[in-house]
Amino acid sequence: MASAGGSSRSTAALASELYEACRTKFPEDHLIYQQDLLNLGVIPNNDLSVLLQCTQSLVDQNLFRTLQDKDDRLAWKVISQKDAERLQNLSPNESLVYNVIHSTGRAGIWIRPLKARTNLHKSIIDRCLKSLESKNYIKSVHNVRFPGRKVYMLAELTPSEDVTGGAWFTDGVLDAEFIGVLSEFIEHYVSKKSWYEVPASRADKHQGKRQKVSGGDVKSDSEKQYLPFPAGYQHYPTVKEITAEVNKVGITPVTLGDESIAQLLDMLCYDNKLIALNNGVNFKSVKKPNDVRLASKTRGDVDGAAANEQFEAWLGKNGMVEAPCGQCPVFKLCQPGGAVSPENCEYFDPWLEKALGF
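About the criteria used
- Residues numbered from 1 in each chain as written.
- Predicted model: local features only at pLDDT ≥ 70, side-chain atom pairs only at ≥ 80, totals over all residues.
- Heavy atoms only, no water.
- Helix = DSSP H or I, 4+ residues; strand = E, 2+ residues; numbered from the N terminus.
- Buried < 20%, exposed > 50% of the residue type's maximum accessible area, 1.4 Å probe, protein only.
- Contact = heavy atoms within 4.5 Å.
- Pairing = 2+ DSSP bridges.
- Axes fitted to C-alpha atoms, helices over the stretch in contact; angles between N-to-C directions.
- Phe/Tyr/Trp six-rings, centres within 6.5 Å; stacked < 30°, edge-to-face > 60°.
- Lys NZ or Arg CZ within 6 Å of the ring centre and 35° of its normal.
- Core = buried A, V, L, I, M, F, W, Y, C linked by side-chain atoms within 4.5 Å.

Asks: Help me understand the overall build of the chain, please; the structure alone is not making it clear to me.
Replies: Helices and strands together make up the secondary structure of the chain, namely 16 helices and 13 strands. With 358 residues in all, the chain has 34% of them scored as buried. Considering only intrachain contacts with a sequence separation of at least 6, the fraction spanning at least 24 residues in the chain is 54%.

Asks: Just checking my understanding: could you explain the side chain of Ser95 for this structure?
Replies: Structurally, the position occupied by Ser95 is in helix α5 (residues 92-103). Excluding anything up to four places from it in sequence, Ser95 contacts Leu87 and Leu90.

Asks: Would you take a moment to explain the sheet that holds strand β5 (residues 150-154) for this structure?
Replies: Read from one edge of the open sheet, 3 strands run β3-β5-β4, paired in antiparallel fashion. Strand pairing shows two members of the sheet lacking a second neighbour, β3 (109-110) and β4 (138-142), which therefore form its edges. Sheet topology places β3 next to β5; 2 bridges connect them, and they run antiparallel. Looking across to β5, one finds that Ile109 is bridged to Tyr152. Most of the contacts of α5 go to β5, to which it runs at about 95°, and overall it touches β3, β4 and β5.

Asks: Where do I start with the environment of Leu14 in this structure?
Replies: Mapped onto the fold, Leu14 is located in helix α1 (residues 2-25). Its relative accessible area of 14% is what places Leu14 among the buried residues. Linking Leu14 and Val42, residues 28 residues apart in sequence, is a C-alpha distance of 7.0 Å. The contacts of Leu14, once residues within four sequence positions are left out, are Val42, Pro44, Val50 and Cys54.

Asks: What am I meant to see in the packing of aromatic side chains here?
Replies: Aromatic ring pairs are reported here in terms of the distance separating the ring centres and the angle at which the planes meet. A full pass over the atoms with the stated rule returns 5 aromatic pairs. Ring pairs connect the aromatic residues Tyr196, Phe229, Tyr233 and Tyr236, which therefore count as one cluster. Above the ring of Tyr33, the side-chain terminus of Arg73 is found at 4.2 Å from the ring centroid.

Asks: Would you take a moment to explain the nonpolar core for this structure?
Replies: Nonpolar side chains tend toward joint burial in soluble globular proteins. Counting 39 residues, the largest nonpolar core has Leu18, Cys22, Leu37, Ile101 and Ile138 as the members making the most contacts within it. For this core, the element with the most residues is α1, which contributes 5 residues. Apart from residues lying up to four places away in sequence, Leu37 is in contact with Leu18, Cys22, Ile32, Leu51, Thr55, Phe64 and Trp76. If you look at the next biggest cluster of nonpolar residues, it comprises 19 residues, including Phe178, Val190, Val239 and Leu264.

This is how it looks when you write it as structure tokens:
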């Protein structure tokens, strides 16, 4: 009896050492085969019978998951301590349902294939799902491709874009207004990087007359002039640069990735607003920056008006227009040390406090 007890303790110790070695060397989604376990050097003399006892002990403790690969070869996966503790508190049916949901990762699983893979009656599956959700082990999300279906996955996972539709869906509904606003911002940003602004001469600056228009805006008689960059110009914006600009200005509540922005760029190319260069590495705008803004302002639909208001807020106005100097009637008389100067301007401090938060 003492020998049996000593053998049992030895198997438990070897199983624990084997588990720690697997956790260190293999990720949780890695398939571990018999030879992989023997190569760890934990099993004395590579004794297969001892290895079988250790793996069975780990499976019984829910620390190993037994699987078969596509060639019907026996394999194992390491289960984290957190998942092992969960499984130890579940009934056999709940454990079976949980393991199947776990195996689907961020894609999740619909109830029909879940029923097929577990061979459980629907009423049993419903009871297991309700129990697992109440324990916050799993969650249900709606698939944008099939709005009537609930997809189940682990509670701590973020659904894949195939399930949620990515950044362009809100609660499973396509956010057309958000797409429109962001598309306009991207087109304007690319346009500013695609055309060369002809600098006005000093004489033109003095000759240009300022006049007030409704809303307090100021505009010049002469509009800005833009020219295309010469052939062979290599500094048109890339997907990474556009993505960085979008995330920097804070248009979106979440950080967007290159893939999401690339989808919008493709759409703008199909709409003949942008041109993809160098096999999609760089992008060039068809319209000049002033034409892009004009098109944004003249959109006549109601939704477009709200989108343009947001667009203008994020895009900002000309700095000279926003500052008091742009609308000052004695602007030409203003100079340092003069009767009218920046030092004694009564409008500057209130503007700084309101606009810049100084």
